[in-house]
Amino acid sequence: MRATIKICGLKDFQAIDTAINSGAKYLGFVCDYPKSPRNCTPQELVSISKKINQNGINKVAVMVNPDDKTIDQIQNSVDYIQLHGGETESRIQEIKSKFNIKILKAIKVSEEIDLKQIDLYPSADDLLIDTPAMEKSELFNFNLLDNLNISSYFLAGGININNVHHALQFTSKIDISSGLEFSPGKKDLNKIINFMNEVNKHA
C-alpha cells in the first residue's frame with residue numbers, strides 16, 4: 001500500500017514545492033502558536049494557501065485550542081484543522097457545525113493507557129497518534145502499538161529517514177516535521193527528497 005505522507009511545519013515555498021513534487025499529499029502549517037519556530041500567523045497562512053493550487057493536496061492548519069475568531073480567518077484556506085491541544089469531542093462537534101471543516105485530532109501518547117483516547121473523538125475525520133512533546137523530536141515508543149491496529153490513523157513522533165520503515169509497519173499514514181530540518185523551523189530540501197525516496201522503497 002502506498003504511503004500517505006504529511007509534512008508539517010512548512011513555511012517557505014521552496015520547501016512546499018519540494019514536498020509536493022516529492023509526493024507528499026498533506027501539508028501542515030503551524031498556525032497561531034507563537035512558541036513554535038514553525039509558526040505562521042493566520043494572515044500568513046491565508047497568503048501561503050492562495051499559492052498552492054495543486055489537486056489532491058490537503059492543506060492542514062495545526063492549531064492548539066483555537067478560538068472561533070481565528071478559525072474563521074483561515075477556514076476557507078485549508079482542508080483540515082489539526083487540533084493539537086486539549087479540545088474535547090464536544091468542541092470538535094462545535095467547530096464542525098460552525099465552520100463545516102474537517103478535523104484531524106492529535107492524541108498524545110506516552111504510555112499504553114493513553115491509547116484509549118482513540119475512542120473519545122468519534123466526530124474527528126482522522127486521528128494523529130503522537131508523543132506529548134509537541135515539536136521536540138521525541139521518538140514515539142513503537143512498542144506501545146504492538147497489539148493495536150492504527151492502520152487508519154496518522155503516526156508521528158520523531159520519525160525520520162532512519163526509522164520510517166519501522167513506523168510503516170503500523171500504518172501507511174506518516175506525519176513528519178523536525179526530521180526534515182537542518183535547524184528548527186528550517187526545512188532541508190534534500191532531506192525531504194531523500195525521505196520520500198526512502199518511503200517509496202517500502203510502498
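Residues numbered from 1 in each chain as written. Predicted model: local features only at pLDDT ≥ 70, side-chain atom pairs only at ≥ 80, totals over all residues. Heavy atoms only, no water.

Draft legend 1. Just helix α6 (residues 189-201), in detail. Taking 1.5 Å of rise per residue, 13 residues should cover 18 Å, and α6 covers 19 Å from first to last C-alpha, within 8% of that figure. Of the residues making up α6, those classed as buried are Ile 192, Phe 195, Met 196, Glu 198 and Val 199. The buried side chains of α6 occupy one side of the element, clustering within an arc of 160° when seen end-on. Exposed residues on α6 whose side chains face more than 90 degrees from its buried face are Asn 190 and Lys 201. Looking at the buried residues of α6, the elements they touch are β1 (4-7), α1 (13-22), α5 (164-167), β8 (173-176) and β10 (186-187). (Helix = DSSP H or I, 4+ residues; strand = E, 2+ residues; numbered from the N terminus. Expected span 1.5 Å × (residues − 1). Buried < 20%, exposed > 50% of the residue type's maximum accessible area, 1.4 Å probe, protein only. Arc of directions from axis to C-beta. Contact = heavy atoms within 4.5 Å.)

Draft legend 2. Region of interest: the sheet that holds strand β7 (residues 154-155). One closed barrel accounts for eight strands, arranged β1-β2-β3-β4-β5-β6-β7-β8; its pairing is parallel. Taken strand by strand, helix α4 (residues 89-99) contacts β4 (80-83) and β5 (102-108), and its axis lies near 160° from that of β5. (Pairing = 2+ DSSP bridges. Axes fitted to C-alpha atoms, helices over the stretch in contact; angles between N-to-C directions.)

Draft legend 3. Quick look at the pairing of β4. Neither face of β4 is exposed, since Tyr 80 and Gln 82 on one face and Ile 81 and Leu 83 on the opposite face are all buried. Two strands pair when backbone bridges link them, and strand β3 (residues 58-63) and β4 are joined in this way by four bridges, in the parallel orientation. Across the sheet, the residue bridging to Ala 61 is Ile 81, located in β4. Since β3 and β4 lie parallel, the crossover through helix α3 (residues 68-74) that links them has a hand, and here it is right-handed. Where β4 meets β5, four bridges bridge the pair, whose relative direction is parallel. By the bridge assignment, Gln 82 is partnered in β5 with Leu 104. One crossover worth recording links β4 to the parallel β5 by way of α4, and it is right-handed. (Right-handed = clockwise from strand over helix to strand, strands pointing away.)

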